[in-house]
Amino acid sequence: MAGGNERSMKALKEVWKRAENSLCADCGKPDPDWASSTLGVFICLSCSGIHRNIPSISKVKSLKMDYWDDAQVQFLAKHGNAVTKAIYEAHIPIYYYQPTYNDCQVLREQWIRAKYERKEFTEPGKQLPYSDGVKEGILWKRGRDNGQFLPRKFLLSEREGCLKYFTKQDAKEPKINVKIDVINATFQPEKIGNPNGLQITYLKDNKTRNIFVYHESGKEVVDWFNAIRSVQFHYLKVAFPIASDNEIKNRLTRNFLKEGYMEKTGPKQREAFKKRWFTLDHRRLMYFKDPLDAFAKGEVFVGSGENGYSVQKGLPSGTQGNFSWHYGITIVTPDREYLFTCETETDRLEWIRAFTSVINQAMTPQEYASKCLDAVSFPS
């Protein structure tokens, strides 16, 4: 804060130290050290970069390196995160996904633009592009066999409770028709290779199916994401009338607990270990030959500790299968043991942490039913 007079510096530090300003106003990251002199919010470095892209709305400055005059400090003191949030976040729909600092750029950017630029949440009952209960448009979808992204028409309907896509604009019958309650959607820019990449996952015959899509417009793809959440929310409100809004909110789209490469062996535990891409989606551990495969090669249900499931560091003594990675993990189930190896100790600890978080949770009646339906196995 070179160049600032002593009084302004002291006043700025006092405002900055308020508890309400200890987290970034947009993503919740601790210890923000930037602020908007026009909005009055304290933000992190990453969010400040997004604010810079809307200069007509927000002027950002470093709290450590830039000069703040008396008027700007007084403006911050009158506003701050609590006051500004009360204005710009006054009427956020319960289903709208509010990203954190762990989320991807497109989610965070569209959240910031929705709040300050489009002022989507300042008025009650405002008509929003993801709140109509129906959405139709073009998304670029990755072909299952050739890997090419081609434009496909998608239709989301609350009335029908489903998501459809059509291979041709004028097609009368959809290629797929998926019930909204078996759909998950999660942003996967790195995996898909596009900053607006969205992975749509659904269950078919109790097996996982992946669709990979993107849109050139960040706003459009985030609108699709929140439209799916909106339709899911209203569907679940009807299906579970006594559940609270927050309980239903927690059942909407979710990020995967963990993804990455491990090596695996077959059920006889004598086969050579093979490198595969793994996804842990709560109690479903799936593996794929390629991260962009449409179908999982195998799935296993990960239950709770009280039902005989556990995760152990290392492999059983005498494991015969050849492996190139040496950081082993053993998943113990009532039926068999599943053996994996990780490339690094860090990878192993992260996977063990993810498995432990699932195993430590009690199983719900729905998860018991899911386990009974699953033909769980890892083929070689």
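Residues numbered from 1 in each chain as written. Predicted model: local features only at pLDDT ≥ 70, side-chain atom pairs only at ≥ 80, totals over all residues. Heavy atoms only, no water.

## Some thoughts on the pairing of strand S16 (residues 327-332)
Link 1 in the chain: Most of S16 sits out of view: five of its six residues are buried.
Link 2 in the chain: With four bridges connecting them, strand S15 (residues 310-313) and S16 associate as antiparallel partners. Looking across to S16, one finds that Lys 313 is bridged to Ile 329.
Link 3 in the chain: Between the antiparallel neighbours S16 and strand S17 (residues 337-342) lie four residues. (Buried < 20%, exposed > 50% of the residue type's maximum accessible area, 1.4 Å probe, protein only. Helix = DSSP H or I, 4+ residues; strand = E, 2+ residues; numbered from the N terminus. Pairing = 2+ DSSP bridges.)

## Digging into the sheet that holds strand S6 (residues 162-166)
Link 1 in the chain: The strand order across the open sheet formed by seven strands is S7-S6-S5-S4-S10-S9-S8, and the pairing between neighbours is antiparallel. Edge positions in the sheet fall to strand S7 (176-179) and strand S8 (183-187), since each of these pairs with one other strand and no more. Across this sheet, the average inter-strand angle for adjacent strands is 35 degrees, counted without regard to direction.
Link 2 in the chain: Note that strand S4 (residues 134-142) and strand S10 (residues 207-214) share two bridges and pair antiparallel. Its bridge partner being in S10, Lys 141 is matched across the sheet by Val 213. (Axes fitted to C-alpha atoms, helices over the stretch in contact; angles between N-to-C directions.)

## Topic: the UniProt feature "domain: PH" (unreviewed entry) in the protein chain
Link 1 in the chain: If you check UniProt for "domain: PH" (unreviewed entry), the listed places come out as residues 132-233 and 255-360 in our numbering.
Link 2 in the chain: Each end of residues 132-233 is marked by a C-alpha atom, and these two atoms are 13 Å apart; helix forms 20% of the span and strand 46%.
Link 3 in the chain: Regarding residues 255-360, the helix share stands at 14% and the strand share at 38%, and the terminal C-alpha atoms are separated by 19 Å. (UniProt positions renumbered as here; feature names shortened; annotations may be inferred.)

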